[in-house]
Amino acid sequence: MSPKFKKSILVCNGSSCLQASKVNLIAEFQAKLKEYNLDNEIQVVQSVCFNKCTLGPNIIIQPENVEYSTVTKEDIDDIIIIHLLNNKIVERLVYNQVYENSGSTKKQYRIALRNCGFINPEVIDDYIEKDGYAALAKCLTEFTPQEVTQQIIKSGLRGRGGGGFPTGVKWDITSKSVADQKYVVCNADEGDPGAFMDRSVLEGDPHSIIEAMAICGYCIGADKGIVYIRAEYPLAIKRLKIALDQAKEYGLLGEKLFGTNFNFEIDIKYGAGAFVCGEETALIHSMEGLRGEPTLKPPFPSVSGYLEKPTNVNNVETFANIPAIINKGADWFASIGTEKSKGTKVFALAGKINNVGLIEVPMGTTLREVIYDIGGGIRDGKKFKAVQTGGPSGGCLTEKHLDLPIDFDSLSAAGSMMGSGGMIVMDEDDCMVSMARFYLEFTVEESCGKCAPCRIGNKRLHEMLTKLCDDKGTLEDLDLLRNLSNVVKDTSLCGLGQTSPNPILSTMQNFYDEYHAHVVDHKCPSGQCKSFMRYYISEQNCIGCVVCARNCPVNAISGEKKQLHVIDQEICIKCGICMDKCKFDAITLN
Amino acid sequence: MLTICENNVAKIEAICREFNNDKGELINVLHQAQHTFGYLPEEVQEIIALNLNTSLAHVYGVVSFYSFFTMIPKGDHPINICMGTACYVRGAEKVLDEFKKLLNIQVGQTTADEKFSLSSLRCVGACGLAPVVLVGDKVYGRVTLDGVQEILDEYKS
């Protein structure tokens with residue numbers, strides 16, 4: 001906080017809170033503060049995600065760290081009068097009186113998100129005040145490129161985009177490629193549905209990415225950087241553009257940075273909605289104006305990438321860690337996390353969980369800590385069933401995995417993966433077969449079609465899963481499903497196809513009884529698959545009012561007036577209209 | 001349909017020039033063109049191909065590859081249903097079915113009166129509000145089946 005201000009009001013400006021609010025809360029607060037003549041003492045900061053998305057819009061008042069939820073325009077007067085002027089808590093709005101001490105915050109450790117929410121992303125001075133660009137200055141003036149690269153290697157940082165490849169090693173390889181031009185690319189094409197950490201970093205702390213890209217450029221010998229960003233992220237694009245202009249104005253981008261001979265500039269390229277472009281060779285083709293299809297590696301981008309020049313591609317979250325590593329030292333970073341996965345990881349918690357939002361925890365934190373201590377447990381008191389990590393390429397983990405320390409290797413060993421950090425929690429009402437089908441539907445849609453296993457194999461897998469959900473599956477289908485999954489996994493060209501059967505394989509491994517129930521018992525244990533449902537009319541409650549028969553769109557219900565009615569299961573399409581219309585609760589679902 | 005008058009040709013040419021008629025900038029050019037015309041009909045693609053000195057097949061290949069680009073004009077009120085995982089587990093599929101039923105169109109289609117078009121998208125990052133529906137730029141969170149008709153009614157007048 002600037003010393004000039006006594007207090008700060010952090011208003012969450014993440015997409016969820018922004019959209020939950022009917023008005024621009026920041027502008028409303030600023031206007032009101034002016035009215036009360038407080039605008040010189042209290043500042044309003046646009047912030048991102050406090051991990052309470054379901055309760056948005058959220059604000060935090062600092063330095064006392066009181067958090068208010070579901071704040072509307074009408075609450076502003078109370079917050080100013082009761083809290084800011086009289087130092088009392090507005091009880092009806094308070095989420096957690098002392099945010100810092102809540103279990104949610106204790107288990108968290110912010111490195112990548114260190115500034116998100118605590119600085120104004122549109123003011124470069126705020127970033128500089130938090131040691132911003134100090135790491136770049138240190139690298140350029142005190143170390144050789146090799147020394148910096150060695151520090152990144154020593155820190156043990158691994159790529160946060162999904163692959164988990166050691167970042168320093170990648171830099172080292174690219175630095176050794178000889179060419180007249182090299183490129184640093186930041187992959188901000190966050191396509192994993194349900195994950196939004198990269199967007200939050202770009203919206204909340206864009207300068208950290210610019211600084212890290214420049215450091216990377218120094219290490220590998222590149223003077224050009226490109227951010228490849230989803231066109232679906234207008235706010236992130238806007239903030240990034242502002243940050244780029246400010247950095248140029250301050251001489252932190254451009255020529256002869258910090259009085260050295262190092263030049264660096266950054267351009268933006270837009271994605272156009274293709275999940276496969278998260279794969280680095282596909283991303284590079286997309287930047288060249290081509291279809292985003294992957295190519296076989298080698299050659300790796302570090303040898304021949306964008307415009308056939310050596311290119312280093314890193315994900316947003318990976319870059320966000322770099323300035324912190326340089327400032328605090330590789331040993332500090334390596335002291336956090338597990339043996340082979342260092343540092344922290346940002347996860348996007350969503351699904352059937354109480355606290356939806358972004359969290360950052362040290363590697364090695366268990367799933368139980370994430371789901372229960374930070375996530376606040378399962379919604380509506382239901383029973384935990386599974387958690388899908390790694391998005392559509394990941395797998396389902398179950399109750400027996402709850403005490404698994406999360407890192408790259410433990411997740412892979414358990415049949416899932418780290419991926420970009422999506423974490424979707426499912427409860428007892430979710431059918432794992434239809435969940436697998438949902439993920440396959442996504443892969444079928446997003447497969448680029450270049451290689452046959454992915455293009456055709458995933459389509460067939462999806463058809464088989466649909467068959468199971470429609471009560472038409474056989475035991476043979478289950479064997480076929482497993483075999484084909486392995487074939488697709490082993491023979492696909494890129495990461496998309498190589499991981500797309502993961503949701504099937506992991507659910508078959510952990511919930512085989514559900515698959516079995518679908519084909520042998522002709523039942524969907526969680527009652528989600530429509531085809532297995534049967535509507536019945538109960539003898540006791542039916543008074544023969546004929547309302548159900550009259551409303552049935554396919555005339556499946558027969559019966560005389562004042563007589564018991566019957567549903568013909570062969571004709572019934574399970575639309576549920578009869579159940580809605582019956583005033584006597586005579587229709588039950590089995 | 002969009003008729004390509006000279007004025008529109010000039011607009012497309014200007015967009016291409018803005019990117020130095022560089023075919024490596026094709027995706028940026030298409031973004032601009034779609035922003036200007038709302039969609040990318042064949043005629044527009046032809047002029048872009050000509051100006052960037054590339055084949056129409058290449059341009060079409062790129063347009064059809066990326067889900068952001070469309071060759072069908074959207075309705076006055078484009079409806080997007082988020083089918084991201086978080087929305088899916090909170091019932092987005094049923095919401096989508098309800099829209100299909102009430103509008104009597106499928107995903108990717110536009111109603112006969114050109115008022116509404118229906119598409120699905122993956123994750124707008126508002127997972128806390130799941131299931132989420134967008135009409136134009138306006139976001140509706142925690143949409144229920146009964147809420148679908150209410151949303152449509154807002155735009156019917």
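Residues numbered from 1 in each chain as written. Chains lettered and ligands numbered in written order. Predicted model: local features only at pLDDT ≥ 70, side-chain atom pairs only at ≥ 80, totals over all residues. Heavy atoms only, no water.

J.: Account for the overall build of chain A, naming residues and giving values.
T.: The helix and strand inventory of chain A stands at 24 helices and 18 strands. Computed over its C-alpha atoms, the radius of gyration of chain A comes to 27 Å, within 12% of the 25 Å expected for a compact globule of 590 residues. With the C-alpha coordinates aligned to their principal axes, the bounding extent of chain A is approximately 95 × 65 × 40 Å. Across chain A, the fraction of contacts at a sequence separation of at least 24, relative to all contacts at a separation of at least 6, is 69%. Summed over its atoms, the accessible surface of chain A is roughly 23,400 Å², and 50% of this surface lies on carbon and sulfur atoms. Across chain A, 63 positive and 74 negative side-chain charges occur, with their mean positions spaced 2 Å apart. (Helix = DSSP H or I, 4+ residues; strand = E, 2+ residues; numbered from the N terminus. Rg over C-alpha atoms; globule rule 2.2 N^0.38 Å. Contact = heavy atoms within 4.5 Å. Areas by Shrake-Rupley, 256 points an atom, 1.4 Å probe, with all protein chains shown as cover. Lys, Arg positive; Asp, Glu negative; His and termini not counted. Charge placed at Lys NZ, Arg CZ, Asp CG, Glu CD.)

J.: Account for helix α10 (residues 206-220) of chain A, naming residues and giving values.
T.: Over its 15 residues, α10(A) extends 22 Å from the first C-alpha to the last, a length consistent with the 21 Å expected when each residue adds 1.5 Å. Among the 15 residues of α10(A), 15 are classified as buried, and the element is accordingly described as predominantly covered. (Expected span 1.5 Å × (residues − 1). Buried < 20%, exposed > 50% of the residue type's maximum accessible area, 1.4 Å probe, protein only.)

J.: I'd like a description of unusual backbone geometry, backed by residues and values.
T.: Residues and elements named next belong to chain A. Between glutamine 62 and the following residue, proline 63, the backbone shows a cis peptide bond with an omega angle of 10°. Examined against the element boundaries, proline 63 turns out to sit in the loop between β3 (59-62) and β4 (66-68). Proline 298 follows lysine 297 through a cis peptide bond whose omega is -5°. Of note in the backbone geometry, threonine 70 takes a positive phi value of approximately 45° without being a glycine. Take threonine 70: it is sitting in the loop between β4 and α3 (76-85). Notably, aspartate 380 is not glycine yet its phi reads approximately 55°, a positive angle. Along the chain, aspartate 380 falls in the loop between α15 (367-374) and β12 (384-389).

J.: Can you tell me about the interface of chain B and chain A, naming the residues and giving the values?
T.: Every contact between the two is made by 34 residues of chain B and, on the other side, 47 residues of chain A. Buried surface at the junction of chain B and chain A, both sides included, amounts to about 3,200 Å², of which 56% is carbon and sulfur. Of all residues in chain B, B:Phe65, B:Thr85 and B:Arg122 give up the largest surface area on contact with chain A, accounting jointly for 22% of the area buried on that side. Our enumeration of links across chain B and chain A arrives at 1 salt bridge. Two residues, B:Glu25 and A:Lys269, come together in a salt bridge whose shortest N-O distance is 3.3 Å. Joining chain B to chain A, the criterion identifies 10 residue pairs in polar contact (both at pLDDT 80 or more). Among the elements of the structure, α2 (26-37), α4 (56-65) and α5 (85-89) of chain B are those that each provide at least two residues to the side of chain B that touches chain A. Ranked by residues supplied to the side of chain B that touches chain A, first place goes to α4(B) with 5 residues. Of the residues in the side of chain B that touches chain A, the class split is 17 nonpolar, 11 polar and 6 charged. (Buried area = accessible area lost by both parts, 1.4 Å probe. Salt bridge = Lys/Arg side-chain N within 4 Å of Asp/Glu carboxyl O. Polar contact = N/O pair within 3.5 Å; in protein donor to acceptor, adjacent residues only side chain to side chain. Nonpolar A, V, L, I, M, F, W, Y, C, P; charged D, E, K, R; others polar.)

J.: Account for the packing of aromatic side chains, with residues named and values stated.
T.: Taken as a whole, this structure holds 11 aromatic pairs over all chains when the rule is applied. Residues A:Phe438 and A:Tyr439 carry aromatic rings whose centres are separated by 5.4 Å and whose planes lie at 65° to one another, so their mutual orientation is edge-to-face. Judged by relative accessible area, which is 2%, A:Tyr439 ranks as buried. Centre to centre, the rings of B:Phe65 and B:Tyr66 are 4.9 Å apart; their planes meet at 75°, and the pair counts as edge-to-face. For the pair shown, B:Phe65 and B:Tyr66 are each scored as buried. Through pairs of rings, three or more aromatic residues link up here, namely B:Phe65, B:Tyr66, B:Phe68 and B:Phe69. Of note, A:Arg199 hangs over the ring of A:Tyr233, and the distance from its end group to the ring centre comes to 5.4 Å. The ring centre of A:Phe347 lies 5.8 Å from the NZ or CZ of A:Lys345, which sits over that ring. (Phe/Tyr/Trp six-rings, centres within 6.5 Å; stacked < 30°, edge-to-face > 60°. Lys NZ or Arg CZ within 6 Å of the ring centre and 35° of its normal.)

J.: Pulling in residues and values, what's your account of a nonpolar patch on the surface?
T.: Side chains of A:Ile153, A:Phe165, A:Val169 and A:Ile173 sit close together on the surface and give an oily, nonpolar patch of about 290 Å² of accessible area. If you trace the backbone, A:Val169 turns up in helix α8 (residues 167-176). (Patch = residues over 30% accessible without salt bridge, like charges linked within 9 Å, V, L, I, M, F, W, Y side chains within 5 Å.)

J.: Hey, could you go over the layout of surface pockets for me, with residue numbers and the actual values?
T.: What the second largest pocket holds in volume is close to 1,500 Å³. In terms of lining residues, the second largest pocket is bounded by 42 residues, among which A:Lys530, B:Glu93, B:Lys94, B:Asp97 and B:Leu145 are the most central. Where the lining of the second largest pocket is concerned, the elements lending two or more residues are α17 (432-446) and α24 (577-581) of chain A together with α5, α6 (92-103) and α7 (145-156) of chain B. It is α6(B) that provides the largest number of residues to the lining of the second largest pocket, a total of 6 residues. Broken down by class, the residue content of the lining of the second largest pocket amounts to 14 nonpolar, 8 polar and 20 charged. (1 Å grid on protein atoms, 1.4 Å probe; cavity = no way out; pocket = protein on both sides within 12 Å on 5 of 7 lines; lining within 4 Å. Points joined across faces, edges and corners; volume = space filled by probe spheres on them.)

Everything listed here is a matter of coordinates, which is why it stays silent on function.
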